[in-house]
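Commentary on secondary and tertiary structure
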Amino acid sequence: MHVSHPHVHPVSDTPTPADRALPQGLPYPDGWAALAFSAELPPGKVLTRQLAGEDVVLYRTRGGRLRAIRPYCPHLGAHLGLASLDGEELVCPFHKFAFAPDGQCVRTGYDTPPPRAALTHLTVREVNEAVFVWRHHDGREPDWEIPSWHLLDDQPLRHAAWEMPGYAQDVMENSVDLGHFVTLHGWPQGELAAPVEFDGHRFRVSMRVQETFPLIGLRQVDVEVHGYGLSCLHTDVRTPSLGIEICSLVMATQVSPTRMQLRQASRFTLAEPRSLPPAVARALSRTVTTLLAGPMFKRNCEFTAADFPIWSTKKYLTPPKLAAGDGPIGALRHWARRFYPPDQLGRAVEPEAAEPEGTEPGTAGPEAAGTTATATTAEREPARP
């Protein structure tokens, strides 16, 4: 019998979300963080988003200039997420102090000389129809960039966003976790097509997999993933036998110690059949692409969403007990150390470890092929923060 009472709650029989059950497992990562899609910031719009436990105010002036600022008005501390745009000026809701695009206060709400005050700007980039803000623990300026996404840029972009417990690194790590693609996502088979490559702030992994398509059956799928910092994955998925190509961006942002926002965007296209006359092939390709773009994006999001219950309840273990078949998880964790404050990882970030004899350059050791013994991988794991 259910008794309604304000102090009584249903008995839970589900896992406790990680941000309520566990202490912080990783520090905030340095680098770029996606806070919005461009479509969310038309001229005249003001948005408040979180990054590393703090609010960030994003706005686009009436003339189209994009800005990212610290949230509090230098006059008396009003939150500028409540501000409005008057032409090119951001106007505080409290006393109507106005700030020009360069951040300087240019007028007050009562026609008196403005104080010598300015907004605190944050470094912002608009790339791949997303808005990225730079954050670094010691305040340094950007020393790397997220490249422009040029594939399938003639197709419309579809996007979605979610918030959940978890870590941005888990999302990046997921892209090299070969084992879970079979056990969780249901790929009949998956393998590395080439050794994983790590190069400064970037990594690259190529996979060759078998995937089952409704009404069609098993087909080979080629997957190439480019990772940029702990903030962005660019994935190109091709099914050569069907002429299908899907390009996706997956962007994870750490908004609080144990909570993240995840943004996903993709474009889809069907190649023109070579067996048909060019005009017919082009028309068929455009028609089918238009009809299938929505369902394919939904399928793409559902694929990602299979990880949500895991990410939102898992604990970040270091060192993990890895096994053959996992994929280059140890190598990625070793590479990921460079994006955290050294003093919060227990010891300084190390340079790339020497590659064992017989290992191909850029693989960062035999774990890149998913065959590392547990002891070897554990040696490459960061100390517990």
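To keep things clear, this report deals only with the structure shown in the data block. (Residues numbered from 1 in each chain as written. Predicted model: local features only at pLDDT ≥ 70, side-chain atom pairs only at ≥ 80, totals over all residues. Heavy atoms only, no water.)

Within a pair of aromatic rings, the relevant descriptors are the distance that separates the centres and the angle that separates the planes. What the rule picks out here adds up to 13 aromatic pairs. Ring plane angle 20 degrees and centroid distance 6.4 Å describe the contact between phenylalanine 181 and phenylalanine 303, whose orientation is recorded as stacked. Of this pair, phenylalanine 181 sits in helix α3 (residues 178-183) while phenylalanine 303 sits in helix α4 (residues 278-305); the two residues are 122 residues apart in sequence, bridging distant segments of the chain. Its relative accessible area of 7% is what places phenylalanine 181 among the buried residues. For the pair tryptophan 335 and phenylalanine 339, a centre-to-centre distance of 5.0 Å together with 70 degrees between the ring planes defines the contact as edge-to-face. Given the relative accessible area of 4%, phenylalanine 339 is considered buried. Joined through ring pairs, the aromatic side chains of Trp32, Trp134, Trp144, Phe198, Phe203, Trp335 and Phe339 make up one cluster. (Phe/Tyr/Trp six-rings, centres within 6.5 Å; stacked < 30°, edge-to-face > 60°. Helix = DSSP H or I, 4+ residues; strand = E, 2+ residues; numbered from the N terminus. Buried < 20%, exposed > 50% of the residue type's maximum accessible area, 1.4 Å probe, protein only.)

Relative to strand β14 (residues 202-213), strand β12 (residues 189-192) runs antiparallel, the two sharing four bridges. Considered in β14, the bridge of leucine 192 is made with methionine 207. Relative to β14, strand β13 (residues 197-199) is paired through three bridges, and the arrangement is antiparallel. For aspartate 199, the partnering residue across the bridge sits in β14 and is arginine 202. Between β13 and the antiparallel strand that follows it, β14, lie two residues; glycine 200 among them carries a positive phi value of about 60 degrees. Hairpin connection, β14 to strand β15 (residues 217-228): the antiparallel pair is bridged by three residues, and leucine 215 has positive phi, about 70 degrees. (Pairing = 2+ DSSP bridges.)

Another point: the nonpolar core. Among the nonpolar cores identified, the biggest contains 56 residues, and Phe203 and Met207 are the most heavily contacted of them. In contact with methionine 207, other than residues within four places in its own chain, are Ser175, Leu178, Phe181, Trp187, Glu191, Leu192, Ala193, Val221, Asp222, Val223 and Val225. (Core = buried A, V, L, I, M, F, W, Y, C linked by side-chain atoms within 4.5 Å. Contact = heavy atoms within 4.5 Å.)

A separate point is the environment of alanine 98. Along the chain, alanine 98 falls in strand β7 (residues 98-99). When its relative accessible area of 0% is taken as the criterion, alanine 98 is described as buried. Residues alanine 98 and leucine 85, spaced 13 residues apart in sequence, show a C-alpha to C-alpha distance of 9.0 Å. Setting aside its immediate chain neighbours within four residues, alanine 98 contacts Glu89, Leu90, Val91, Gln104, Cys105, Val106 and Arg107.

Across the sheet, three strands lie side by side as β1-β10-β9; this open sheet has antiparallel pairing. With partners counted over all chains shown, the strands left at the sheet margins are β1 (31-37) and β9 (124-127), one partner each. On average, adjacent strands in this sheet sit at an angle of 30 degrees to one another, irrespective of strand direction. In terms of strand pairing, β1 meets strand β10 (residues 130-135) through six bridges, oriented antiparallel. Bridged to alanine 34 within β10 is phenylalanine 132. (Axes fitted to C-alpha atoms, helices over the stretch in contact; angles between N-to-C directions.)

Right, let's talk about the side chain of threonine 239 for a bit. As for its position among the elements, threonine 239 is in strand β16 (residues 232-239). Its relative accessible area of 4% is what places threonine 239 among the buried residues. With sequence-adjacent residues up to four places away left out, threonine 239 is seen in contact with Phe213, Arg219, Gln220, Val221 and Ile244.

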